[in-house]
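Descriptive structure summary
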Amino acid sequence: MLQTKAVTPFRLYDSMRRAKCAFEPLVPGKVGMYVCGPTTYAPAHIGHAYSAIAFDTVRRSLTFLGWDVTYVRNVTDIDDKIIKRAHETNQDPLAMSAHFAAEYNRDMARFNVMTPSIEPKVTTHIREVIAIVERLIANGHAYAVDGDVYYEVRKFPPYGKLSGQTIDELEDGARVEVDTRKKDPIDFALWKRAKPGEPSWDSPWGKGRPGWHIECSAMTVTHLGATFDIHAGGKDLIFPHHENEIAQSQGADGEGTFARYWLHNGFLNFAGEKMSKSLGNVFNCDQIAEAVGGEALRFFCVSHHYRSPVDFDVQVIDGAPRFFSLEAADRSLSGFYTTLQRIDQFVGDNTAGEGAVLPEAEKLVPDAKQALAEDFNAPEVVAAMHAAGKLANKLLDEGKGIDKQVRRRTLARLGKDLRAVGGAIGVLTQDPATYLRERRERLVKAKQIDVAAVEHKLGERKAARAEKNFTRADEIRRELAAMGVELLDTPAGTDWRIADAD
Ligand SMILES: [Zn+2]
């Protein structure tokens, strides 16, 4: 007999209903999710990462809640921006977009963004695009003019529902276009006739390429079916992109098809301003990962709710950006990794077997599930992790009055659950020693610490201690502290780290 896996029901904020609602799956136990991915014509920046992390957190949360998730994220590998950029830089558009798509995935991996289950590209879905455009023409939703094909917005009365506008309001807002080939200024392109020198494909309307919006309608129906569970993307995509996707897909497949729930994430703000090239606050993923490590950005993101706008504190000091928000996130993370390392050292290979643990240690997993099941409340999970970390450190520091085996088992349990719950939001996935070593290397570089001098002093201190010259050993500890170096005497010997500013 087939057994259904136990899944935790969840609620989510649906942008279409403008309310939180209970999720009802199309297929029991399964979630089909589509996320609009990048247009790959330049290196990915922090805004791209923020959106990718938000929905990767949703995906990981759903998996943690027991759901079987099919996660589709597309790559727009041909469009106006790509062609323009390729011409400006004298490159082949498709080779250039393939290069930036590979870089995008490398960058996202630094933020623990998982590879999608399916990652379709426009250029490998031309046939599917043509098929849907043909259907839209056949049923009167679209018309071809001189090799271009347009969607006739007035033929789809629900247009504007997602963004909360009516067709008449949109009509008033649309500028009067010189292009008289369109029946109406608000009609949009489904297929674009090729201009000389542009990549193009054969179609019933001559050589050309897809308009931007149609690809998502073609890819969703191909990989998730005409009706699927969740569609997600940045808030900036609601209009016109998602509005147009709905018009195309429901125009082709009928009312009630396409996405059943819509998720949109909030924006990063920089001192109240939006990110923009002119303000000089567009930071590339490379820059972030080098300055604070990728996981710090991940931790920063999951410390905020995916729908809230988030203030990002970065200041340019002496020509170099200081990512204060991320430095704070990195300090928190380092606290967690230090705790995990201490737990591992304490528990060792002996996991102390089965048996009771302190009841406070049993809360983390259920608390995390509850938080994630309520519109993916990752910040609440972070708060529960802080509480568990505090409990672990208390038990590590002091075991008075607690049964030795219970103490060991409780710490083992906290270590295991911190990793599991961390994984549900994409943090604490590294080996603590690796994270802490890399962090020290970054701080050594940033603060220009002379490692050879530190190690020399450590040797001196070891010798002083061997001679029981504790006055000298303490003096060296103070000298190192003055250099910004903190000593950690562990069962495995003396280690050191860069002291945190606060
Ligand atoms: Zn899309």
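Residues numbered from 1 in each chain as written. Predicted model: local features only at pLDDT ≥ 70, side-chain atom pairs only at ≥ 80, totals over all residues. Heavy atoms only, no water.

1. With respect to the pairing of strand β2 (residues 19–22)
The side chains of a regular strand alternate, first on one face of the sheet and then on the other. Two strands pair when backbone bridges link them, and strand β1 (residues 11–14) and β2 are joined in this way by 4 bridges, in the antiparallel orientation. Pairing of D14 across the sheet is with A19, part of β2. Taking the residues that link successive antiparallel strands as the turn, the β1-β2 hairpin has 4 residues, and the phi of R18 there is positive, at about 55°. (Pairing = 2+ DSSP bridges. Helix = DSSP H or I, 4+ residues; strand = E, 2+ residues; numbered from the N terminus.)

2. Description of the coordination of the zinc ion
Looking at the zinc ion, the protein donor atoms are C36 (SG), C216 (SG), H241 (NE2) and E245 (OE), and they sit 2.0 to 2.2 Å from it. Mapping the donors of the zinc ion onto the primary sequence yields the spacing C-x179-C-x24-H-x3-E. In this pair, C36 sits in the loop between β3 (30–35) and α1 (46–64) while E245 sits in helix α7 (residues 238–253), placing the two residues 209 residues apart along the sequence. The same class applies to C36 as to E245, namely buried. (Donors = N, O, S within 2.8 Å, 3.2 Å for Na, K, Ca; no water. Buried < 20%, exposed > 50% of the residue type's maximum accessible area, 1.4 Å probe, protein only.)

3. What to know about the sheet that holds strand β10 (residues 258–265)
Pairing is parallel in the open sheet, where 4 strands are placed in the order β4-β3-β9-β10. The open sheet has two free edges, formed respectively by β4 (68–73) and β10, since each of these has just one partner strand. Here the strands of the sheet are splayed against their neighbours by 25° on average, with no regard to which way each runs. With 6 bridges joining them, β3 and β4 adopt parallel strand pairing. Its bridge partner lying in β4, G32 is registered against T70. (Axes fitted to C-alpha atoms, helices over the stretch in contact; angles between N-to-C directions.)

4. Points about the packing of aromatic side chains
Think of a pair of aromatic rings as described by two things: how far the centres are apart, and how the planes are tilted against each other in angle. Following the criterion strictly, the structure yields 18 aromatic pairs and no others. An angle of 40° between the planes, with centres 5.9 Å apart, marks the rings of Y143 and Y150 as tilted. Accessibility expressed as a relative area gives 9% for Y143, which makes it buried. Members of the aromatic cluster, joined through ring pairs, are F10, F23, W67, Y261, Y306 and F376. Above the ring of F64, the side-chain terminus of K369 is found at 5.8 Å from the ring centroid. (Phe/Tyr/Trp six-rings, centres within 6.5 Å; stacked < 30°, edge-to-face > 60°. Lys NZ or Arg CZ within 6 Å of the ring centre and 35° of its normal.)

5. Side note on the sheet that holds strand β13 (residues 310–312)
Across a sheet, strands are paired by hydrogen bonds formed along the backbone, either parallel or antiparallel in direction. Strand order in the open sheet formed by 3 strands is β12-β11-β13, with mixed pairing between adjacent strands. In the strand order of this sheet, the two ends are held by β12 (273–274) and β13, each with one partner. In this structure, strand β11 (residues 268–270) lies alongside β13, joined through 3 bridges in parallel fashion. Bridge assignment links N269 to a residue of β13, and that residue is D311.

6. Comments concerning the environment of D202
Within the secondary structure layout, D202 lies in the loop between β7 (188–193) and β8 (208–210). Remark: the alpha-carbon pair of D202 and R127, spanning 75 residues in sequence, is separated by 9.6 Å. Dropping the residues within four chain positions of it, D202 is found in contact with I130 and K207. Only 2.9 Å separates the side chain of D202 from the side chain of K207, close enough to count as a polar contact. (Contact = heavy atoms within 4.5 Å. Polar contact = N/O pair within 3.5 Å; in protein donor to acceptor, adjacent residues only side chain to side chain.)

7. A short note on the domain arrangement of the protein
If you check the domain split of the protein, you get domain 1 (12–265), domain 2 (327–425) and domain 3 (447–498). For domain 1 and domain 3, the distance between their C-alpha centres works out to 57 Å. (Domains from an automatic or database assignment.)

8. A closer look at helix α10 (residues 324–347)
The end-to-end C-alpha distance of α10 is 35 Å, a good match for the 34 Å that 24 residues give at a rise of 1.5 Å each. What α10 keeps buried is the set S325, L326, A329, D330, L333, S334, F336, Y337, T339, L340, I343 and V347. Just beyond α10, the residue with positive phi is G348, at close to 60°. (Expected span 1.5 Å × (residues − 1).)

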